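# Structure assessment
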Amino acid sequence: MSRQMAKQYSPTAVEKSWYEWWEKSKYFVADSSSSKPPFVIVLPPPNVTGALHIGHALTAAIEDTMIRWRRMSGYNALWVPGMDHAGIATQVVVEKKIMRERKLTRHDLGREKFVSEVWEWKDKYGGTILQQLRRLGASLDWTRECFTMDDQRSKAVTEAFVMLYKQGLIYRDLRLVNWDCVLRTAISDIEVDYIDVKERTLLKVPGYDKPVEFGVLTKFAYPLEGNLGEIIVATTRIETMLGDTAIAVHPDDQRYSQFHGKCVIHPFSGRKLPIVCDAILVDPAFGTGAVKITPAHDPNDFEVGKRHNLEFINVFTDDGKINSNGGSEFLGMPRFKAREAIAEALQKKGLYRGSENNEMRLGVCSRSNDVIEPMIKPQWYVSCGDMAKEGLNAAVDEENIKLEIVPKQYLADWKRWLENIRDWCISRQLWWGHQIPAWYVTLEDDQLKEFGVYNDHWVVARNEEEAQAEASQRYSGKKFHLIRDPDVLDTWFSSGLFPLSVLGWPDDTKDLKTFYPTSVLETGHDILFFWVARMVMLGMKLGGDVPFRQIYLHPMIRDAHGRKMSKSLGNVIDPIEVINGISLEGLHKRLEGGNLDPKELAVAIEGQKKDFPNGIEECGADALRFALVSYTAQSDKINLDIQRVVGYRQWCNKLWNAIRFAMSKLGDDYIPPANLGPDVLPFSCQWILSVLNKIITKTIKSLESFEFSHATTAVYSWWQYQLCDVFIEVIKPYFAGNDPKFASERRHAQDTLWFCLDNGLRLLHPFMPFVTEELWQRLPSPKECKRADSIMICPYPSPTEGWNNETVENDMDLVESTVKSLRSLAKESRDRRPAFVLCLTRAVEEIISSRQLEIVTLANLSSLTVINENDAVPSGYANTVVNETLSVYLELQGTSSAEAEQGKMKKIEELKKQIEKLEKIMSAPGYEEKVLPQVRAKNQEKLDSLKERLLLEETAGLTIASK
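Residues numbered from 1 in each chain as written. Predicted model: local features only at pLDDT ≥ 70, side-chain atom pairs only at ≥ 80, totals over all residues. Heavy atoms only, no water.

### Observations regarding the overall build of the chain
As a reminder of what qualifies: Where helices and strands are cited, they refer to DSSP runs of H or I of at least four residues and of E of at least two residues respectively, numbered from the N terminus. Should any heavy atoms of two residues lie within 4.5 Å, those residues are counted as being in contact. In this tally, Asp and Glu contribute negative charge and Lys and Arg positive charge; neither His nor the terminal groups of the chain are included. The location of each charge is read from NZ of Lys, CZ of Arg, CG of Asp or CD of Glu.
When helices and strands are counted, the chain shows 33 helices and 32 strands. The dimensions of the chain, computed from C-alpha atoms along their principal axes, are 120 × 70 × 60 Å. Put simply, 76% of the contacts in the chain that link residues at least 6 apart link residues at least 24 apart. Separation between the mean location of the 119 positive side-chain charges and that of the 133 negative ones in the chain comes to 3 Å.

### A closer look at unusual backbone geometry
What is expected of a backbone is that most residues other than glycine have negative phi and most peptide bonds are trans. The residue after Val406, namely Pro407, is reached through a cis peptide bond having omega -5 degrees. Mapped onto the elements of the fold, Pro407 is located in the loop between strand S18 (404-406) and helix H11 (411-419). The residue after Tyr516, namely Pro517, is reached through a cis peptide bond having omega 0 degrees. Within the element layout of this structure, Pro517 appears in the loop between helix H15 (510-515) and strand S25 (518-524). Of note in this structure, Lys26 is not a glycine but carries a positive phi near 65 degrees.

### Some thoughts on the pattern of salt bridges
To be explicit about the condition: By definition here, a salt bridge exists when the distance from a side-chain nitrogen of Lys or Arg to a carboxyl oxygen of Asp or Glu is within 4 Å. The buried label goes to any residue with under 20% of its type's maximum accessible area, the exposed label to any with over 50%, and the partly exposed label to all in between, with areas taken from a 1.4 Å probe on protein chains only.
With the rule as written, the count across this model stands at 51 salt bridges. Here Arg625 ties to Asp64 by a salt bridge, and the two come within 2.7 Å at their closest N and O atoms. You can see Arg625 sitting in helix H20 (residues 620-630) and its partner Asp64 sitting in helix H3 (residues 54-72), a full 561 residues away along the chain. A residue is classified by how much of its surface remains accessible, and Arg625, at 1% relative accessible area, is buried.

### Some words on the environment of Pro795
Structurally, Pro795 can be placed in the loop between helix H26 (769-778) and helix H27 (806-826). Classification of Pro795 as exposed rests on a relative accessible area of 55%. Taking C-alpha positions, Pro795 is 9.7 Å from Leu763, a pair spaced 32 residues apart along the chain.

### Considering the packing of aromatic side chains
As a reminder, the rule being used: Aromatic pairing here means that ring centres of Phe, Tyr or Trp (its six-membered ring) are within 6.5 Å. Orientation follows from the plane angle: under 30 degrees is stacked, over 60 is edge-to-face, and everything else is tilted.
Evaluated as defined, the whole model comprises 39 aromatic pairs. Between Trp119 and Phe147, the aromatic rings sit 5.8 Å apart at their centres with planes inclined by 80 degrees, giving edge-to-face as the arrangement. In this pair, Trp119 sits in helix H6 (residues 111-125) while Phe147 sits in strand S4 (residues 146-147), placing the two residues 28 residues apart along the sequence. According to the relative accessible area criterion, Trp119 is partly exposed, its value standing at 29%.

### Quick word on the environment of Ser702
Locating Ser702 in the fold gives a position in helix H22 (residues 683-704). Owing to a relative accessible area of 5%, Ser702 belongs among the buried residues under this scheme. For the pair Ser702 and Ala714, spaced 12 residues apart in the sequence, the C-alpha separation amounts to 9.1 Å. Other than its neighbours up to four places away in sequence, Ser702 contacts Glu707, Phe708, His710 and Ala711.

### Here's the deal with the sheet that holds strand S14 (residues 272-276)
Note the cut-off: For two strands to be treated as a pair, DSSP must find no fewer than two bridges joining them.
What the 3 strands build is an open sheet, ordered S12-S14-S13; its pairing is mixed. For this open sheet the edge positions go to strand S12 (247-248) and strand S13 (263-265), each flanked by a neighbour on one side alone.

### Focus: H26
Most of H26 is tucked away: 10 of the 10 residues are buried. Buried within H26 we find Pro769, Phe770, Val771, Thr772, Glu773, Glu774, Leu775, Trp776, Gln777 and Arg778.

So this is what it looks like as structure tokens:
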């Protein structure tokens, strides 16, 4: 590359072409035949419907940092990309599309045509997010890109289902599920959001014109048979009373236990409902008492909130309307309209007994916003008990730890969830997804011909031919026909196999042998159970080992104020808009293109005006990545302030200018040496190499322990505060006017500067890949050895033996303290002034005397005189104490001695106030008993320091004045 550089850093110019070159050069491709140790990460597969959001950006930034670092450190680094078919999310998107464009439902099209439409949509629009990951610089091995419904992954899903079924770990059962009446499917727990309703509240529900009332406990009476009185029942879902088959009362309830064995009369159907006392009514959120007790069951086994052997009667059709169980009067009525109608009908019958506020948690589908209906449905389940124990032991069995969770705080969640695991419902009543490989056998001589009515008539197989063969063997000599289960599998089932399936399982591939188990699973802590635990269970059961050795859980991102990101608040941050920049009007336009109602839109627009009054500046991918990785120290939440990203964008300009300075000082003919011995180098060169060595060690240790923010802080601090602010400034005199007396220092400074920039850029590369590649390519190459073609395949820096020098670092600490004190006296003045340094020990005097050039340069002085306690300083100098052995004096300009003295007195008064305040705290009653010993020790140390500083300030100059 040309050594000519633009005056200003431009993210667009720097980031536009490097990625394409990296990918074309096959730098991202891992080799399953390599002898290098493998390091493998599987990208958490984003939904095929998705666009890049800030959570994806955080994942990509952290994972790419790890993979680039390991690749540079000599590993056979593999980062596997893939996408999830996202059953419900994708089906909803395509259903809305065909309704919007053609006014058709999926049922109008039929299953085959609808699935074909989804595939067409996927091929045309799906995968946007993978292109956006390229914009972030994610160095994924695109040759291994996969999709959870491609042929290989589908084969893996079928094989896993069949294997688990044959091992008795998959079974079919009739149980309560979370039912979505809009999507007409069971949904997983993770797809249910909960709204805390404190009291009577009106909420919008899809499909209803008017808001629906929740947070109310409705009471009504069941008349006892024979006009013996009544039993009052309370429920939050009065519509379910249409399906009541019994009334369960507490055996100790004196009001009703006497009626055990008698019946009440259902007010609408006229049915007799038995009163039973051998079970306790479950949470009224599930209905009024729609239960049928198994008489043979031991009553002592029943607990509040548990449903042991209780049969729940569905009152609703799959789309949430009253079915034939509910009686002709309300047949076909939507459930929440039936709620009002039933209350009115009970009032007319004189059985309504009022209502009251009732605090409750309302389950709502995160996809459709429909209120979840508990429904009894036959579904396929995975038995998780034994697999969960194995997954638990993998992380907690100290004698055989196979799995490390970082941060450790989440180990408690892992333990709690896996110890209390329930079997996993994997059926979904969708059309888009992996159709369950199970066929129902209807025998010619079966009395009941309904699909699925006999639970023992199921055949699980890899394909229909295999199912036919098994059914023929099982029902030898009998006539039958097969119907495949129309349900599909929960998306989490296929994504739970991802570490296996992306490497070719169930085939015995070279990739599987080389790269399984993978190294690290990095994801958000919110899916530790729903995805991570399931991968561990399935990986251990089917792959014979944990799917990864370590789990790193990153924090969840919120806005700068700590609020969850929400379109209705206008605080959603689009990573691409941060990278490219966007005006406030552009942000508004994005909001207006969404589906917010007018009130929400107004609130969101005001939120954007407040948070982004000037829009978002163009920051580039490097600055965004660095900011996101640097935020990871913030416990379980990240409060993302865009101004911090802007700050790193400005810092990129600082890096740019550092290289521009270097290019000007190295010259066109400069060739760096192959190595650098510090012994002959000037003081400042020895110092910068010593601190660089320490930063390299600290960065590597931080990356190894997943302390990414410590790594970014270390690298940033070295570049900003040591290389740019000190070293580059302190070597400038060597290059001023080509003074022959600095010829040797000039050459040494050039070599040191090159080594610093080369190491510093390689150190920074995993965090900021684009700008580091751009700048590194401009550095001249050593003559003795050929450099790699790209920084990303260079070795990551490692500490160099002989560079560490504690003595030099300690001396520079003293120099920097002296400079800082002189700068504080100069304040904002740019004038160069003379200064004195008073040294009270011989050792300090020797250090300061030998470092006068560095102090004069860094403090911008016209001259520096080193004096001891036997010397006098002229009047008219402001002074301050550096430490107990050192004070500095700077010539006053435009300030009288009186004003200087006044400033000195002000400083003394401030110290006295601090001492008085601390002494008051330490002398308070109970201080010794209530305050921890380490805190008391720190307070004492601080008090001693303040008193020492006060003494030094009060006596400063007295020695000199008396001479």
